[in-house]
Amino acid sequence: MDHSSKRARNKEFWEKKGKIPLWRIAEKLGIHEKTLIVWLRIEVEPKKMQRILAALEQVLEEGVKL
């Protein structure tokens with residue numbers, strides 16, 4: 001399966017995410033990891049993406065704990 005098209009959607013998120021587990025970001029958002037995965041299947045609307053990126057930034061500031 002070619003994952004390049006999947007990564008083309010929500011590109012900014014995937015570039016910043018690096019090796020951070022999705023569950024860590026979902027935890028900051030107060031949602032289940034599977035919900036975040038469903039959101040990321042399509043291009044996320046800008047307001048929602050701001051929330052996701054803010055949660056990602058919080059995880060980065062706290063330091064990545066895998």
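Parameters at a glance
Residues numbered from 1 in each chain as written. Predicted model: local features only at pLDDT ≥ 70, side-chain atom pairs only at ≥ 80, totals over all residues. Heavy atoms only, no water. Helix = DSSP H or I, 4+ residues; strand = E, 2+ residues; numbered from the N terminus. Buried < 20%, exposed > 50% of the residue type's maximum accessible area, 1.4 Å probe, protein only. Phe/Tyr/Trp six-rings, centres within 6.5 Å; stacked < 30°, edge-to-face > 60°. Lys NZ or Arg CZ within 6 Å of the ring centre and 35° of its normal. Contact = heavy atoms within 4.5 Å. Salt bridge = Lys/Arg side-chain N within 4 Å of Asp/Glu carboxyl O.

1. Details of unusual backbone geometry
- Of note, N10 is a non-glycine position whose phi angle comes to about 55 degrees, a positive value.
- Mapped onto the secondary structure, N10 falls in the loop between α1 (4-8) and α2 (11-17).
- The exposure class assigned to N10 is buried, which follows from its relative accessible area of 2%.

2. A word on the packing of aromatic side chains
- For the coordinates displayed, the defined rule picks out one aromatic pair.
- Ring geometry for F13 versus W14: centroids 5.0 Å apart, planes at 75 degrees, classification edge-to-face. Here F13 matches W14 in class, with each residue buried.
- One cation-aromatic arrangement involves K48 over W39; the distance from NZ or CZ to the ring centre is 4.3 Å.

3. Considering the environment of E33
- Topologically, E33 is positioned in helix α4 (residues 33-39).
- A relative accessible area of 32% means that E33 is categorised as partly exposed.
- Linking E33 and L22, residues eleven residues apart in sequence, is a C-alpha distance of 6.2 Å.
- Not counting the four nearest positions on each side in its chain, E33 is found in contact with L22, W23 and A26.

4. Quick word on the pattern of salt bridges
- Considering all chains together, one arrives at four salt bridges under this definition.
- Residues K11 and E15 are paired through a salt bridge, measuring 3.9 Å at the closest nitrogen-oxygen approach. Of the two residues, K11 and E15 are both situated in helix α2; the distance of four residues between them amounts to about one turn of the helix.
- Taking relative accessible area as the criterion, E15 reaches 56% and is therefore assigned exposed.
- With a closest N to O distance of 2.6 Å, E62 and K28 form a salt bridge.

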